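# Examination of the molecular architecture
Listed below are the residues making up each chain.
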4 protein chains.
Amino acid sequence: MEYIKDFAWTPGITVADFVQKLGVVGFQSIELKRASELIVKMKKNNARTFLTFTSNMVTSGLRGFFAQTIKEGLADVIVTTAGGIEEDIMKAKGENFLIGRFETDDIELHEKGLNRVGNLFIKNESYMNFEDLIRPLLDVLYAKQKRWAVSELLREIGLTLQDEHSILYQAAKHKVPIFCPAITDGALGFHLYLFQQTHPDFIVDVVKDFGNILFATSHDEKKAVISLGGSISKHHAILATLLNGGAEFALYMTTAQKTSGSMSGATTNEAKSWGKVKDDSDVCTVIGDVTIMFPLAMIGAMEVLASEGLLGRSQKNTPQERLQDKENPKS
Amino acid sequence: MEYIKDFAWTPGITVADFVQKLGVVGFQSIELKRASELIVKMKKNNARTFLTFTSNMVTSGLRGFFAQTIKEGLADVIVTTAGGIEEDIMKAKGENFLIGRFETDDIELHEKGLNRVGNLFIKNESYMNFEDLIRPLLDVLYAKQKRWAVSELLREIGLTLQDEHSILYQAAKHKVPIFCPAITDGALGFHLYLFQQTHPDFIVDVVKDFGNILFATSHDEKKAVISLGGSISKHHAILATLLNGGAEFALYMTTAQKTSGSMSGATTNEAKSWGKVKDDSDVCTVIGDVTIMFPLAMIGAMEVLASEGLLGRSQKNTPQERLQDKENPKS
Amino acid sequence: MEYIKDFAWTPGITVADFVQKLGVVGFQSIELKRASELIVKMKKNNARTFLTFTSNMVTSGLRGFFAQTIKEGLADVIVTTAGGIEEDIMKAKGENFLIGRFETDDIELHEKGLNRVGNLFIKNESYMNFEDLIRPLLDVLYAKQKRWAVSELLREIGLTLQDEHSILYQAAKHKVPIFCPAITDGALGFHLYLFQQTHPDFIVDVVKDFGNILFATSHDEKKAVISLGGSISKHHAILATLLNGGAEFALYMTTAQKTSGSMSGATTNEAKSWGKVKDDSDVCTVIGDVTIMFPLAMIGAMEVLASEGLLGRSQKNTPQERLQDKENPKS
Amino acid sequence: MEYIKDFAWTPGITVADFVQKLGVVGFQSIELKRASELIVKMKKNNARTFLTFTSNMVTSGLRGFFAQTIKEGLADVIVTTAGGIEEDIMKAKGENFLIGRFETDDIELHEKGLNRVGNLFIKNESYMNFEDLIRPLLDVLYAKQKRWAVSELLREIGLTLQDEHSILYQAAKHKVPIFCPAITDGALGFHLYLFQQTHPDFIVDVVKDFGNILFATSHDEKKAVISLGGSISKHHAILATLLNGGAEFALYMTTAQKTSGSMSGATTNEAKSWGKVKDDSDVCTVIGDVTIMFPLAMIGAMEVLASEGLLGRSQKNTPQERLQDKENPKS
């Protein structure tokens, strides 16, 4: 067993060095270092990695970092919620969100047309601008086809965005599918509904998309899950890996605790009972705010991988192409 | 302002009396009493009440209590997740879940075919039995129509269940719609997918259901939200009331805290900034495990309402009927 | 293994019946029922029971319930903090604390002379009145002797209080020692300091009191710990039982989680590694707000014990008398 | 108001740069940046800074960082618990603590003589070695004088330790007083008790030490509190600043939440109602594991201060000397 070491600051210390040193400090700092090593392991094992996050993380500046994570080949499948999709699009189109306080008077905010998400504020006009841009997009999509699986629809939208920091753009560019099992749970749902009122044969096919996430990985390959926060995003990713035989690697980061029996607080150990992660898999649960914990662990991993020339991605990998490849192997 | 009073046990104390006394004890006990009073107020104001919960609460014995809450006219619209739907059906069909320990060895559980949800266990065979019963049900539904809004599909299933303790059964019987914006996020999603493989024109129309939840209430009537736990269920209900002008009453019960900026931890105050609840509305946030907090607050309210002859429900109220009524008022 | 049962309200349900039914609901409700049974077991085993709590619980109306718990023979040794002592005395002398809101503007409160403890308020004048009454008390104590162990000093104060709802009074009356390892950490500390300035030979002997808590129990008898919240109170009680061979029974109730490695969040399992509780002991950790959880579990136990005629206390038991008895056994 | 910015990793990013960028990410990352700036402000205002921490942080490798914080002039008064004192001494004398897992079987650990603190382990023999070294130390102290205020006793011990990473050593060397209001709550309490059994006139005078902490600062100077975790340490420091007119600056870092009304979870806002911090003071509460949050915020501050030549300390400052200076000003 390893010993705890007294931590000391050295001028100019890098994040990579800091994460290394945290590994022998104590409590969640130890788990954070383990998380960082686990991400390196996922990549070195060429595991198909599911990254899940909730919409508030897209409200935050993690959005650009998720885009970078995709670009650097550290996330192969994305699962998120409707809010995450909407806000990525808003930001790609130039909307800016504000930094505020948790304690701001909410009635005053409402009068100013500001909507609070913790200590961040979103303007009403950002939602109005979203409305203006989503309608013509739906016209274009509808002209192409009437029935859309969610991930295919998101890919089409992503291709239009042209923003290096956009999750949808980087995902589309790198053929990383984005799943959103509750696509109607947001402003987007309202606009889809209005569109369908005048185009009754417009269908968002969530059932078909279940097939897409099922074939987004396979029994044969190693699988990994990085779940940030809880929610349906987390559950959907582990369900998809479970149906493919379970993940080899699982990293959960959350502020929720297991004591209420919720999915948000469920640990990587609990997942073993379900076969959600394989019994002998490498797992890690880090308790803490994702806006700090995730960049620390991921930067720690990126620096190691960069130093070994292992960053970046190459493979083509939409679920459809993967399915095609399987059916017509290019011997 | 009121004073704190020393609490003392009296032999045979009832829950109703206990909840009253908690109101002058301190911390969350005070909020719990406020929650109980708020539920009474929702009912006396004839507010259209959205009740939301996560699937783990259906895993627990709260399931029967939710059914009773519907029956007694204290919930008019339900929002939950796929797991909540599946497990209600399993239990209606005789499956039993086990009581265990949070600390049980998860690898041993996996070997025994037990899946852990906190300190509860679900047998693998319960999922297999679910498979056996859902397939013929889908055949019947498909024979009726090819394209289903989620809440309409759940109503059809509910009508078949014949279990007083079933949420779906009581909801169907009392024309309380159940919304599940992420219906594919569970075993149910897998079975829907398999069914669609052989019946390509089978459509689960989530977009149409957005209209149903929109018309499940209206600008004209008072609205209330009782959200247990976080997740998309919570978000979807407050979104629906927001689009109808905001709720007059909002009660959140959760173990999540607002400090991470998550939807699960968002307080009733934060909702004011969004117009999710009206600025002058009655709101209450109770922090604690829902399996204890919700029955306490609800029983406190039920006893008050029962003593005044206000329990029970009468009105017919599927969204479709409500819409019809609006279009063809029976002057 | 036992099965989960659907919970249902029955009109007039008692707390005792409610706690029984919670035992098959799920998550913390199950742990709460276990807690209630564990308290019954402590009493039936005639275990010497340490009850610890933090000062905010004395701010709340739990104060009267702690006094009743002592009176009914369910707590034999008390450990708390200086605030708990002060506020018990204030209330015994007629001070009343107010019920407020967590969100009240703190600067306004300060201007009004109100000090906030969560959603409770204490008036500045309560502290001033405390000052007026503690000075003459110190004169009386000093006249008796110059050097006081803390628990002996608290016993003397308790004897003067004449309030049935007072913890210090009931403890003194029933020879239940109260330990307060950080007696100077409050307004009391300030007044002790001022008194010592004019009476330099006045000594509060915390080292001697370590002996008192050591002899407040023994290796030979069964021991139990009920710890509400964290803090030094919790640590001191488990330290005292550890030095006497470890407790047979341990019940922790707290909102803190184990993931930060803090004493507040340390579970009853962790205590086993220290020999703080014996390896084969009965232990239970309940996560939740103590103002609700403790009365529920304790009332559940009180009703069972009352029905079997096991409530109430008889034995004399100051640590000094116990020591004396040991040195001069009668017969 | 400021806007959120997309975060992106740049190779070799330093901790200082990372903390800057976190300031526009979201949620706790924003609070962390504010914390870092607040520490800089404390130093630039030449505020007398109280640093408080719980014993588990001394179990961790933060211990060396606390010593460095003292050495660099960023902490002028320390408040901690008995465990923090003991473990600093043990480590100074060569004991090493182990890194483990939160989930390790506690009964197995007990059999191996390992005591668990979260995911850290302390060997039984470390406690035995502590016993061997504390006895002769007490002989030396007793030879000097019979009656000791706690902080004076800790200073004497600190002078003997000769370990750059020791909190007691750096504090003694730099005349930073260490207060420990519950000095008997640990193994140290037991050894003090045994010593007093054979040396009845040996007194640990906690009342006198209240005067020392009172005079550790004054109404005239600016005051700051950095509280890590909760407990009596936190309360004692804010009490001392309150009695000197309140602190200008307050930074709390904790995993506890305000909703239970506990001291551990009390926010810097609550402190305003008490006059614990002045109404116009700069305050910040960061929710998260201190082993990660504190080094991040403090390193961010250290780098800024170093770049401006403001690190390091000069003034002499034992409470006694400060009192003397006040009485005999060197005009």
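As a reminder, the structure under discussion sits directly above these lines.
Everything numeric here is computed off the predicted structure, so don't read it as measured data.

### Side note on the interface of chain D and chain C
- Counting residues at the interface gives 59 residues for chain D, matched by 60 residues for chain C.
- Here chain D and chain C share an interface that buries about 5200 Å² over both sides, 60% of which is from carbon and sulfur atoms.
- Where chain D packs against chain C, one counts 0 salt bridges.
- Mapped by element, the contributors of at least two residues to the side of chain D that touches chain C are α6 (106–111), β4 (114–117), α10 (187–198), β8 (203–205), α11 (206–214), α12 (231–242) and α13 (268–273) of chain D.
- A total of 6 residues in the side of chain D that touches chain C trace back to one element, the largest contributor, which is α11 of chain D.
- Taken together, the residues of the side of chain D that touches chain C sort by class into 25 nonpolar, 22 polar and 12 charged.

### Some points on the pairing of strand β4 (residues 114–117) of chain C
Residue and element names in this part refer to chain C.
- Every second residue of β4 is oriented toward a common face, with Leu-114 and Arg-116 on one face and Asn-115 and Val-117 on the other, all of them buried.
- Here β4 runs beside strand β5 (residues 120–123); their pairing, made up of 4 bridges, is antiparallel. Looking at the pairing, Asn-115 lines up with Ile-122 of β5.
- Taken together, β4 and the strand that follows it, β5, pair antiparallel across an intervening segment of 2 residues, in which Gly-118 is found at a positive phi of about 65°.

### Here we look at the relation of the copies chain D and chain C
- Each copy superposes on the other: chain D lies on chain C with an RMSD of 0.0 Å after a rotation of 180° and an axial shift of 0.0 Å. Those values place the two copies in the arrangement expected of a two-fold rotation axis. Taking the C-alpha atom as reference, chain D places Ala-182 of chain D closest to the rotation axis, 2.2 Å from it.
- A symmetric contact is evident, with 100% of the interface residues of chain D recurring at the interface of chain C.

### A short note on the packing of aromatic side chains
- In the structure shown here, the tally under the stated rule is 40 aromatic pairs over all chains.
- Ring plane angle 70° and centroid distance 5.2 Å describe the contact between Phe-7 of chain A and Phe-65 of chain D, whose orientation is recorded as edge-to-face. A residue pair is termed interchain when its members come from two chains, as with Phe-7 of chain A in the segment before α1 (15–22) and Phe-65 of chain D in helix α4 (residues 62–71).
- A residue is classified by how much of its surface remains accessible, and Phe-7 of chain A, at 3% relative accessible area, is buried.
- For Phe-65 of chain D, a relative accessible area of 0% corresponds to the buried category.
- Judged by centre distance (5.8 Å) and plane angle (80°), the rings of Phe-7 of chain D and Phe-18 of chain D are edge-to-face. Highlighted residues: Phe-7 of chain D in the segment before α1 (15–22) and Phe-18 of chain D in helix α1, separated in sequence by 11 residues. In terms of burial, Phe-7 of chain D and Phe-18 of chain D fall into one category: buried.
- Ring pairs connect the aromatic residues Phe-7 and Phe-18 of chain A together with Phe-53, Phe-65, Phe-66 and Phe-294 of chain D, which therefore count as one cluster.

### Remarks on the nonpolar core
- Within the largest apolar cluster, 376 residues are counted, with the highest numbers of intra-cluster contacts made by Met-253 of chain A, Met-253 of chain B, Met-253 of chain C together with Met-253 of chain D.
- Excluding residues within four positions of it along the chain, Met-253 of chain D makes contact with Leu-32, Ala-35, Ser-227, Leu-228, Gly-229, Val-286, Val-290, Met-293, Phe-294 and Ala-297 of chain D.

### A few points about the sheet that holds strand β4 (residues 114–117) of chain B
Residues and elements named next belong to chain B.
- Taken in spatial order, the 3 strands make up an open sheet running β3-β5-β4, and their pairing is antiparallel. Of all the strands in the sheet, the pair left with one neighbour each is β3 (98–99) and β4.
- Note: β3 against strand β5 (residues 120–123), 2 bridges, orientation antiparallel. Looking at β5, one finds that Ile-99 is bridged to Leu-120.
- Against the sheet, helix α7 (residues 124–144) touches β4 and β5, its axis set at about 50° to β5.

### Quick notes on the interface of chain D and chain A
- In this assembly, 67 residues from chain D lie in contact with 67 residues from chain A.
- When chain D packs against chain A, the two sides together hide about 5600 Å² of surface, and 66% of this comes from carbon and sulfur.
- Area buried by chain D at its contact with chain A is led by Trp-9, Phe-27 and Ile-99 of chain D, which between them contribute 16% of it.
- On inspection of chain D and its partner chain A, the count reaches 2 salt bridges.
- Asp-6 of chain D is the salt-bridge partner of Arg-63 of chain A, the closest N and O atoms lying 2.9 Å from each other.
- The interface formed by chain D and chain A contains 36 residue pairs in polar contact (both at pLDDT 80 or more).
- Contributions of two or more residues to the side of chain D that touches chain A are made by α1, α2 (28–44), α3 (55–59), α4, β3 (98–99), β4, β5 (120–123) and α14 (290–307) of chain D.
- Top contributing element to the side of chain D that touches chain A by residue count: α14 of chain D, with 9 residues.
- For the side of chain D that touches chain A, the class distribution of residues is 34 nonpolar, 20 polar and 13 charged.

### Digging into the relation of the copies chain D and chain A
- You can overlay chain D on chain A at an RMSD of 0.0 Å; the transform is a turn of 180° with a shift of 0.0 Å along its axis.
- The share of interface residues of chain D whose copies in chain A are also at the interface is 100%, consistent with both copies meeting through the same surface.

### Observations concerning the packing of helix α5 (residues 82–92) of chain D against helix α7 (residues 124–144) of chain D
All names here are of chain D.
- Running from N to C, α5 and α7 point in directions that differ by 85°, and their axes come no closer than 10 Å. By the angle between their directions, the pair α5 and α7 is classed as roughly perpendicular. Two secondary-structure elements touch here, α5 through Glu-86, Glu-87, Ile-89 and Met-90 and α7 through Ser-126, Tyr-127, Phe-130 and Leu-133.

### What to know about helix α5 (residues 82–92) of chain C
Residues and elements named next belong to chain C.
- Most of α5 sits out of view: 11 of its 11 residues are buried.
- Residues of α5 that are buried: Ala-82, Gly-83, Gly-84, Ile-85, Glu-86, Glu-87, Asp-88, Ile-89, Met-90, Lys-91 and Ala-92.
- Positioned one or two residues after α5, Gly-94 has a phi angle of 100°, which is positive.

### A closer look at the pattern of salt bridges
- With the rule as written, the count across this model stands at 68 salt bridges over all chains.
- In this structure, the salt-bridge partner of Asp-88 of chain A is Arg-63 of chain A, at a minimum N-O distance of 2.7 Å. Taken together, the positions of Asp-88 of chain A in helix α5 (residues 82–92) and Arg-63 of chain A in helix α4 (residues 62–71) put the pair 25 residues apart, joining distant regions of the chain. Side by side, Asp-88 of chain A and Arg-63 of chain A carry an identical accessibility label, which is buried.
- The shortest N-O distance in the salt bridge between Lys-33 of chain D and Glu-37 of chain D comes to 3.1 Å. With Lys-33 of chain D and Glu-37 of chain D both in helix α2 and 4 residues apart, the pair spans about one turn of that helix.
- Taking the relative accessible area as the measure of exposure, Glu-37 of chain D reaches 42% and is therefore partly exposed.
- Among the ionic contacts, a cluster of salt bridges with common partners joins Asp-6 of chain A together with Arg-63, Asp-88 and Asp-163 of chain D.

Rules and cut-offs
Once a new chain begins, its residue numbering starts again from 1 and follows that chain's sequence as written. Starting at A for chains and at 1 for ligands, labels are handed out in the order in which the entities are written. Only residues with pLDDT of at least 70 get local features here, since the model is predicted, and only at 80 or more are side-chain atom pairs given and counted; chain-wide, interface and lining totals rely on the full set of residues. Excluding hydrogens and water, the side-chain figures rest on all heavy atoms present in the structure. In this description, contact between two residues means that some pair of their heavy atoms is separated by no more than 4.5 Å. In short, buried area is how much 1.4 Å probe accessible area vanishes from two parts on joining, totalled over both. By definition here, a salt bridge exists when the distance from a side-chain nitrogen of Lys or Arg to a carboxyl oxygen of Asp or Glu is within 4 Å. To qualify as a helix, a DSSP run of H or I must reach at least 4 residues; to qualify as a strand, a run of E must reach at least 2; elements of each kind are numbered from the N terminus. Polar here means any residue other than Ala, Val, Leu, Ile, Met, Phe, Trp, Tyr, Cys and Pro, which are nonpolar, and Asp, Glu, Lys and Arg, which are charged; Gly is therefore polar. The cut-offs for exposure are 20% and 50% of the maximum accessible area for each residue type, with area from a 1.4 Å probe on protein chains only; residues under the lower value are buried, those over the upper are exposed, and the others partly exposed. Two strands qualify as a pair provided DSSP detects at least 2 bridges between them. To superpose the copies, least squares is applied to the C-alpha atoms of every residue with a pLDDT of at least 70 in both. When two rings of Phe, Tyr or Trp (its six-membered ring) have centres within 6.5 Å they constitute a pair, described as stacked for plane angles under 30 degrees, edge-to-face for angles over 60, and tilted for the intermediate range. Residue types Ala, Val, Leu, Ile, Met, Phe, Trp, Tyr and Cys, when buried and joined through side-chain atoms within 4.5 Å, form a set referred to as a nonpolar core. In this description, a line fitted to the C-alpha atoms serves as the axis of each element, helices being fitted only across the stretch in contact, and the angle between N-to-C directions of two axes falls anywhere from 0 to 180 degrees. We call two N or O atoms a polar contact when they sit within 3.5 Å, provided that within protein one can donate a hydrogen and the other can accept it, with sequence-adjacent residues counted only if both atoms are side-chain atoms. Throughout, the term roughly parallel applies to angles under 35 degrees, roughly antiparallel to angles over 145, roughly perpendicular to angles from 65 to 115, and oblique to all others.

Honestly, that's just the spatial picture; any functional story needs more than this.
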